[in-house]
Amino acid sequence: MAQGGSGSGASIEFAGVHKRYDAVDVIRNLSLEIRDGEFMVFVGPSGCGKSTALRMIAGLESISQGQLSIAGRVVNDLPPKERDVAMVFQSYALYPHMTVRENVAFGLKVRKMPAAEIETRVAEASRMLGLEPYLDRKPKALSGGQRQRVALGRALVRQPAVFLFDEPLSNLDAKLRTGMRAEIGKLQKRLGTTSVYVTHDQTEAMTMGDRIAVLAPLAEAGESNLMQCGTPLELYDRPQNVFVARFIGAPSMVVFEAGRDGSALSHPAFKAPAVIPARWTPPAGDRVLVGARPEHVRPLLGGSARAQAQGLVVRGEVEIVETLGHEVLVHMDIGGGTILIGKSFTHATLPAPGDVVEAEVDLERLHLFDPATQQRLAEGV
Amino acid sequence: MTKARTHLGRSIAAHAILITYTLIALIPVFVIVINSFKSRKAIFAEPLALPMPGNFDLVGYTTVLEQGDFFQYFLNSMTVTCASLFFVLLFGAMAAFALSEYRFRGNLLMGLYLALGIMIPIRLGTVAILEMMVAGGLVNTLTALILVYTAQGLPLAVFILSEFMRTVSDDLKNAGRIDGLSEYRIFFTLVLPLVRPAMATVAVFTMIPIWNDLWFPLILAPSEETKTITLGSQVFIGQFVTNWNAVLAALSLAIVPVLVLYLIFSRQLIRGITAGAVK
């Protein structure tokens, strides 16, 4: 188990994959490569086809058009058992009439592995996951977290070429989820097995994935469900479209429309027109979508701060104040939109709803999108 | 206080109703059994008296065991019931699995067609069935009875089991598929154990009418070698004279096997009903 997966170079490739139910498209034109040993996360809101895509890899869902290959072999028509994949389900899907030990060993028994080998593997997996105390219990007698571990163990003992995770943590409470998140991540790094992980939670995606594929429902996506695929930081720093910009990052990026004249941006809430940094290629029309992350909006407290402000200064009324402890989120109404200020305030400087405040937006870290195509504007490096 | 009292009152009322019902249901059985141990005179003189040294008589049992081949009748009934039950459960469960698990053209129609048999009594087709059995040379064989009873039991079995199988989680079956199980093994090792309570229900509902049936044994298999216990008991009911001792003894004996089978299945049944509640 320590030598890292099957080592067979289990990359996964979607080439123009479509999925139709009757006449309705669920997945359109999905092309994506998952590299050997990579931890890939499919993330998106419900209905975006992320689970369907995962189930296609597993062989539980047929492919209407296009090609899916695992380790260079086209698997479109291969049944699940011949794909050398193991899957962890959201509902855990433990066999309720078997003990934990039988659950974990079942897949190996089915494959007619010698009993001694099964025993070693089960022992190893249960040691890794801390399952030893419950090996002889039935799933009914376990807590949610323990069941999740058994489900992981069942996947682990198989030593498959690919691990598939279908929202495995969404039934756990928040604290357990954070713990398991780190644990699954560590396990995957240690084994080096190609893994695909489906979640609707962008935090989970950002923290776990080597790369993330953001999918959108076809109604919003148009040509293909795949909105962007890249490392967590690529998605955070350079979202390719408004959908990804809003989806990645918590709290989400605020995107609002501003007027444009040359390279100057104007908006009723701006104290003065702001000049777009030179690296951006100006858009065609006279409108542009401006995106700002709360962490790049700094409150201007006191006259001296206001005087020193260099960037884009916005002014508006405070709507609500959310105190999270380590930071405070202030929702500021800027006329037709809300901007979030996400910097630390002290007790003395905490604004109240109704106050008019000023804030400085970091111009260098603005995101600009074309209002017509919703795509990121071109920028030089 | 008042709350506790109404609870107690309600509980007494509920139990009174249940006990009354139980008594009504059990008294005929009780009367049959006690009278089977009495002399003919005592049966008519005091039908409700318990067997006492004065009226105790085993003549019914000795007649039954001497006359006719009662052991053979028993064996026939057992064979027919168990075989029919086996086939009903096997084919019923398989059909139910196909209907609940796979999306195919005509799935719904097929389900309705299979459920139609619940509403149309199979006895309406007796003449056609008899003709078929004659043509197939199956008259006076147990096979004929097993075939008819399997057909009779299937509709209800398919109906109940397919509803239950829909409740088995898809993830579970998919986990099995990924673990490398064939569809047959998913059916036998995952789904069947999980619908065991439903199987027990179907078994009980299927078994009792088969064991008690007089109609088809009389028509399809009345020969001495293939008589079932119900039909066998009829020899003691004559047009002019009825040997009550023998009839009651035969009936008492006939209750035993079906009672044993019922006890076996009902344990499963109760376990199934309480499985969710007791956790």
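Residues numbered from 1 in each chain as written. Chains lettered and ligands numbered in written order. Predicted model: local features only at pLDDT ≥ 70, side-chain atom pairs only at ≥ 80, totals over all residues.

**Concerning the overall build of chain B**
Counting its regular elements, chain B contains 13 helices and zero strands. Secondary structure of chain B in N-to-C order comes out as α-α-α-α-α-α-α-α-α-α-α-α-α. Relative to a compact globule of 279 residues, whose C-alpha radius of gyration would be 19 Å, chain B shows 23 Å and is clearly more extended. Burial analysis of chain B (279 residues in total) assigns 33% to the buried set. (Helix = DSSP H or I, 4+ residues; strand = E, 2+ residues; numbered from the N terminus. Rg over C-alpha atoms; globule rule 2.2 N^0.38 Å. Buried ≥ 20, exposed ≤ 12 C-beta atoms within 10 Å, placed from the backbone.)

**So, the overall build of chain A**
Of the regular secondary structure elements, chain A holds 10 helices and 20 strands. Over its C-alpha atoms, taken along the principal directions, chain A stretches across nearly 75 × 50 × 35 Å. With 381 residues in all, chain A has 39% of them scored as buried.

**Some remarks on the domain arrangement of chain B**
All names here are of chain B. Structurally, chain B comprises domain 1 (2-45) and domain 2 (63-278). Each of domain 1 and domain 2 has a C-alpha centre, and these two points are 29 Å apart. Contacts between the two partners involve seven residues from domain 1, matched on the other side by seven residues from domain 2. Elements with a minimum of two residues in the side of domain 1 that touches domain 2: α1 (2-36) and α2 (40-45). A per-element tally of the side of domain 1 that touches domain 2 places α1 first, with five residues. (Domains from an automatic or database assignment. Contact = placed C-beta atoms within 7 Å.)

**Here we look at the interface of chain A and chain B**
Many descriptions give the size of an interface as the accessible area lost when the pieces come together. Contact with chain A, which involves 18 residues of that partner, is made by 14 residues of chain B. Those elements giving two or more residues to the side of chain A that touches chain B turn out to be β6 (85-88) and α2 (100-110) of chain A. Here the residues of the side of chain A that touches chain B sort into 12 nonpolar, three polar and three charged. (Nonpolar A, V, L, I, M, F, W, Y, C, P; charged D, E, K, R; others polar.)

**Remarks on the domain arrangement of chain A**
All names here are of chain A. If you check the domain split of chain A, you get domain 1 (12-84 + 160-246) and domain 2 (251-369). Just the C-alpha atoms count here: the centres of domain 1 and domain 2 sit 34 Å apart. If you look at the interface, domain 1 gives five residues, while domain 2 gives seven residues. For the side of domain 1 that touches domain 2, the residue count by class is three nonpolar, one polar and one charged.

**Some words on the sheet that holds strand β14 (residues 287-292) of chain A**
Strand pairs in the sheet, formed through backbone hydrogen bonds, run parallel or antiparallel to each other. All names here are of chain A. The sheet built from five strands is open, its strands ordered β13-β12-β11-β14-β20 with antiparallel pairing. The sheet is open, and its two edges are formed by β13 (274-275) and β20 (367-369), each paired on a single side. Direction of pairing for strand β12 (residues 264-266) relative to β13: antiparallel, over a ladder of two bridges. Bridge pairing in β13 links leucine 265 to alanine 274. (Pairing = 2+ DSSP bridges.)

**Examining the environment of Arg149(A)**
Residue and element names in this part refer to chain A. The residue arginine 149 is located in helix α4 (residues 144-157) in this model. What makes arginine 149 buried here is the crowd of 24 C-beta atoms within 10 Å. Along the primary structure arginine 149 and alanine 264 are separated by 115 residues, whereas in three dimensions their C-alpha atoms are 55 Å apart. Beyond its immediate chain neighbours, meaning those up to four positions away, arginine 149 contacts Leu129, Gly130 and Leu131.

**A short note on the environment of Asp179(B)**
In this fold, Asp179(B) is placed in the loop between α8 (170-178) and α9 (183-194). Other than its neighbours up to four places away in sequence, Asp179(B) contacts Phe106(A), Gly107(A) and Val110(A).

**Overview of helix α3 (residues 115-129) of chain A**
For the α-helix, the turn length of 3.6 residues means that residues three or four positions removed from each other point alike. Residue and element names in this part refer to chain A. Helix length check: α3 (15 residues) gives 21 Å between terminal C-alpha atoms against 21 Å at 1.5 Å per residue, within 8%. Along α3, the residues that are buried comprise Ile118, Arg121, Val122, Ala125 and Ser126. End-on, the buried residues of α3 take up no more than an arc of 125°, which puts them together on one face. Of the exposed residues in α3, those oriented more than 90 degrees away from the buried face are Ala116, Glu117 and Arg127. Looking at the buried positions of α3, the neighbouring elements they touch are α2 and α4. (Expected span 1.5 Å × (residues − 1). Arc of directions from axis to C-beta.)

**Brief notes about the sheet that holds strand β7 (residues 162-166) of chain A**
Residue and element names in this part refer to chain A. The strand order across the open sheet formed by six strands is β6-β7-β8-β3-β9-β10, and the pairing between neighbours is mixed. Each end of this open sheet is capped by a strand with a single partner; those strands are β6 and β10 (226-230). On average, each strand axis in the sheet is tilted by 15° relative to the strand beside it, whichever way the strands run. As defined by bridge partners, strand β9 (residues 211-215) adjoins β10 across four bridges and the pair is classed as antiparallel. Each bridged residue has a counterpart across the sheet, and for leucine 215 the counterpart in β10 is leucine 226. With respect to the sheet, α4 is in contact with β6 and β7, its orientation differing from that of β6 by roughly 180°. (Axes fitted to C-alpha atoms, helices over the stretch in contact; angles between N-to-C directions.)

**Here we look at the nonpolar core**
Core analysis: the largest hydrophobic core is formed by 144 residues, its most contacted members being Ile57(A), Val162(A), Leu164(A), Val214(A), Leu145(B) and Leu161(B). Among the elements that line this core, the one with the most residues is helix α7 (residues 142-166) of chain B, at 14 residues. Counting 12 residues, the second largest nonpolar core, distinct from the first, contains Tyr73(B), Ala246(B), Val247(B) and Leu248(B). (Core = buried A, V, L, I, M, F, W, Y, C linked by C-beta atoms within 7 Å.)

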